[in-house]
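Structural characterization, general
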Amino acid sequence: MIDISYVVEFLPKLISYLPITLEIFFLSLVLGLLLGILIAIPRLYNIQVLKSIATIYVSFIRGTPILIQLFLIFYGLPAIVILFGVDLSRMDAFIFVIITYTLHNGGQFAEIFRAAVKSVDYGQTEAAQAIGMSSMQIFIRIVFPQAFRIALPNIGNAAVSSLKDTSLAFSIGVMDMMGRGDTLIAATMKVFEVYIGLAIIYYVIVLIIERLFNWFEKYFNRHLRLASTGG
């Protein structure tokens, strides 16, 4: 039988570690967005060599589980850089988590941005070129704002997935909510109650993120609503 009193007791203890989970989420999300844009550019503008590297990178990120990527970074990165005289053995596991999730999100966002940019009417680019705008000006002023608006729903979905993926950080020793839940299970043997508490917290955060991105979509598309209503 489920003991609800334990769920109520565990919730504050789990929530006290929520800031660590959110820090992983926000840092890797913002850095992943920036990385995704940088990775998408060579594929969009056919920059040779970089385009091939970016394509392989995105394919690897999308084709392997994030848990494997986490272990590859945590165990593999120190083994590689030690060859160059750099010792990462004492580096906080939190940093490895941020690196992994940034790389993972970057691969996901690169594909989202590439598809969004491709969907922007090329006629606008041609018109901008005709009045003498440079490629950089066209991308920043015309293409990117529209692509970002188009990409927002997929960015929101990726953000939700990224939040849920943070639950794997405890597997390399980061004491986030899942890590705290693991210690509670070991101390109390109340497995089901701990996971119910975790499920409640994650579900509430996901609802907040979804509402936030819905607001972003409405805000960035407000001119479309005004045009459709004749305002």
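Scroll up to find the structure.
So, a few notes on the structure that sits alongside this text. This one's a predicted model, so the numbers in the text were calculated from it and none came from an experiment.

**Some thoughts on the overall build of the chain**
- Within the chain, the secondary structure is distributed over 10 helices and 0 strands.
- Listing every helix and strand of the chain by position from the N terminus yields α-α-α-α-α-α-α-α-α-α.
- Put simply, of all contacts in the chain between residues at least 6 apart along the chain, 77% involve residues at least 24 apart.
- Total accessible area on the chain is roughly 13,100 Å²; 67% of this is exposed by carbon and sulfur atoms.

**With respect to a nonpolar patch on the surface**
- Nonpolar side chains collect at one region of the surface, where Tyr 45, Ile 47, Val 49, Leu 50 and Ile 53 lie side by side and expose about 470 Å² of accessible area between them.
- Structurally, Tyr 45 is set in the loop between α2 (18–44) and α3 (50–63).
- Here Tyr 45 falls in the partly exposed class, since its relative accessible area comes to 41%.

**With respect to the nonpolar core**
- Residues Phe 109, Ile 155, Leu 163, Leu 198 and Ile 209 are the most contacted members of the largest nonpolar core, which totals 39 residues.
- Residue assignment for this core shows that the elements contributing at least two residues are α1 (4–15), α2, α5 (93–118), α7 (135–165), α8 (177–188) and α9 (191–220).
- For this core, the leading source of residues is α7, giving 12 residues.
- Sequence-distant contacts of Leu 163, defined by excluding residues within four places in its chain, comprise Thr 21, Phe 25, Tyr 202, Ile 205, Val 206 and Ile 209.
- Ile 66, Ile 73, Val 81 and Leu 88 belong to the second-largest nonpolar core, a separate cluster that totals 15 residues.

**As for the packing of aromatic side chains**
- For the coordinates displayed, the defined rule picks out 14 aromatic pairs.
- Both rings, one in Phe 71 and one in Tyr 75, keep their centres 6.0 Å apart while their planes meet at 45 degrees; by these two values the pair is tilted. Of this pair, Phe 71 and Tyr 75 both sit in helix α4 (residues 66–81), separated by 4 residues, roughly a single helical turn.
- Owing to a relative accessible area of 32%, Phe 71 belongs among the partly exposed residues under this scheme.
- Look at Phe 139 and Phe 144: their rings are 5.9 Å apart centre to centre, the planes differ by 45 degrees, and that puts the pair in the tilted class.
- Take Phe 139: its relative accessible area is 13%, and that puts it in the buried class.
- Taken together, Tyr 45, Phe 113, Phe 139, Phe 144, Phe 148, Phe 213, Trp 215, Phe 216, Tyr 219 and Phe 220 form an aromatic cluster joined through their ring pairs.

**So, the packing of α2 against α5**
- Viewed as axis vectors pointing N to C, α2 and α5 meet at an angle of 45 degrees, and their least axial separation amounts to 5 Å. Here α5 runs oblique to α2, going by the angle between their axes. Our pair here, α2 against α5, has a crossing hand that is right-handed.
- Of the residues in the contact of α2 with α5, the class split is 20 nonpolar, 6 polar and 5 charged.

**Describing unusual backbone geometry**
- A positive phi angle, near 50 degrees, is found at Asn 46, a position not held by glycine.
- If you trace the backbone, Asn 46 turns up in the loop between α2 and α3.
- The phi angle at Val 49 is positive, at roughly 70 degrees, despite the residue not being glycine.
- Along the chain, Val 49 falls in the loop between α2 and α3.

**A few points about the environment of Met 178**
- Tracing the sequence through the fold places Met 178 in helix α8.
- Residue Met 178 is classed as buried on the basis of its relative accessible area, which comes to 15%.
- Measuring from C-alpha to C-alpha, the distance between Met 178 and Asp 92 comes to 17 Å, with 86 residues separating the pair along the chain.
- Not counting residues within four places of it along the chain, the set of residues in contact with Met 178 comprises Ser 167, Phe 170, Tyr 195, Leu 198 and Tyr 202.

**Topic: α2**
- Under the 1.5 Å per step criterion, the end-to-end length of α2 is 38 Å for 27 residues, consistent within 8% with the ideal 39 Å.
- Positive backbone phi, at 50 degrees, marks Asn 46, one or two positions downstream of α2.

**Thoughts on the pattern of salt bridges**
- The full count for this structure, using the stated rule, is 3 salt bridges.
- Its salt-bridge partner being Lys 13, residue Glu 9 comes within 3.3 Å of it at the nearest N-O pair. One end of the pair, Glu 9, and the other, Lys 13, are both in helix α1, 4 residues apart, so they sit about a helical turn from each other.
- Notably, a salt bridge pairs Arg 43 with Glu 111, separated by 2.8 Å at the nearest N-O pair. Of this pair, Arg 43 sits in helix α2 while Glu 111 sits in helix α5, placing them 68 residues apart in sequence.
- We classify Arg 43 as buried; its relative accessible area is 15%.
- Salt bridges linked by common partners bring Arg 43, Glu 111 and Arg 114 together as one network.

The rules behind each value
Residues numbered from 1 in each chain as written. Predicted model: local features only at pLDDT ≥ 70, side-chain atom pairs only at ≥ 80, totals over all residues. Heavy atoms only, no water. Helix = DSSP H or I, 4+ residues; strand = E, 2+ residues; numbered from the N terminus. Contact = heavy atoms within 4.5 Å. Areas by Shrake-Rupley, 256 points an atom, 1.4 Å probe, with all protein chains shown as cover. Patch = residues over 30% accessible without salt bridge, like charges linked within 9 Å, V, L, I, M, F, W, Y side chains within 5 Å. Salt bridge = Lys/Arg side-chain N within 4 Å of Asp/Glu carboxyl O. Buried < 20%, exposed > 50% of the residue type's maximum accessible area, 1.4 Å probe, protein only. Core = buried A, V, L, I, M, F, W, Y, C linked by side-chain atoms within 4.5 Å. Phe/Tyr/Trp six-rings, centres within 6.5 Å; stacked < 30°, edge-to-face > 60°. Axes fitted to C-alpha atoms, helices over the stretch in contact; angles between N-to-C directions. Parallel < 35°, antiparallel > 145°, perpendicular 65-115°, else oblique. Left-handed = near helix turned anticlockwise from the far one by under 90°. Nonpolar A, V, L, I, M, F, W, Y, C, P; charged D, E, K, R; others polar. Expected span 1.5 Å × (residues − 1).

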